[in-house]
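# Secondary and tertiary structure notes
Listed below are the residues making up each chain.
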Amino acid sequence: MTVTVTMTVTMTPPTTRESVFRPATGEDADALTDLERDTDLVALGHVFGGLPYPNDEVRARWTALLADDTVHVEVAGPPDRLEVYLAWDDGSPGRLRHLGVRPECWGTGRARRAVERAVGVRRLWVLRDNARARGFYEHLGWRPTGLEQEAEWPPYPTEVEYAR
């Protein structure tokens, strides 16, 4: 006698599960630095080329932001391998300072959910040559203001301001 058993297992792939955001703490500075580096190397390699990644400077910036009471920093994902970060200013109008999503999570809605969390944000700066980010913000209704500035890291590419 032959018996056939069929089992169905339903699993949510990691790229579709809901990200749970939480306030970042000083203990997240290293994970924030790692995620920003991992994201930048993929998204901005064409802008920064073969320059060494400013790991110490980026970590110092995250440490300062995490200590600043006027800046909100939130993260999602496992503490040792964050998937998303965002930072925005209090104030009117608020400014989105940083948004990053781990490359393998791109296209999953995490960036959109992160932007929605940044209540009161009406301005941001993005690298002129970051077509992916610019397309994302424009898709969400952001528009360039016409203002430009030099980015803080060598080779100091041009950033453009967006508003909504």
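Quick summary incoming for the structure in this document.

Conventions used here
- Residues numbered from 1 in each chain as written.
- Predicted model: local features only at pLDDT ≥ 70, side-chain atom pairs only at ≥ 80, totals over all residues.
- Heavy atoms only, no water.
- Helix = DSSP H or I, 4+ residues; strand = E, 2+ residues; numbered from the N terminus.
- Buried < 20%, exposed > 50% of the residue type's maximum accessible area, 1.4 Å probe, protein only.
- Polar contact = N/O pair within 3.5 Å; in protein donor to acceptor, adjacent residues only side chain to side chain.
- Contact = heavy atoms within 4.5 Å.
- 1 Å grid on protein atoms, 1.4 Å probe; cavity = no way out; pocket = protein on both sides within 12 Å on 5 of 7 lines; lining within 4 Å.
- Points joined across faces, edges and corners; volume = space filled by probe spheres on them.
- Nonpolar A, V, L, I, M, F, W, Y, C, P; charged D, E, K, R; others polar.

### With respect to the side chain of Glu-74
Position of Glu-74 relative to the elements: it lies in strand 2 (residues 71-76). With a relative accessible area of 13%, Glu-74 lands in the buried category. Within the structure, the side chain of Glu-74 is placed 2.5 Å from the side chain of Arg-117, a separation counted as a polar contact. The contacts of Glu-74, once residues within four sequence positions are left out, are Phe-21, Arg-22, Pro-23, Ala-24, Val-84, Tyr-85, Leu-86, Trp-88 and Arg-117.

### Brief notes about the environment of Ser-19
Along the chain, Ser-19 falls in the segment before strand 1 (21-23). Residues Ser-19 and Pro-78, 59 residues apart in the sequence, show an inter-C-alpha distance of 9.9 Å.

### Remarks on the layout of surface pockets
Considered as a void within the structure, the largest pocket measures approximately 1300 Å³ in volume. Asp-40, Leu-44, Tyr-85, Leu-99 and Asn-130 are, among the 47 residues lining the largest pocket, the residues nearest its centre. Counting residues per element, the lining of the largest pocket draws most heavily on strand 4 (residues 94-101), which supplies seven residues. When its residues are assigned to classes, the lining of the largest pocket shows 26 nonpolar, 10 polar and 11 charged.

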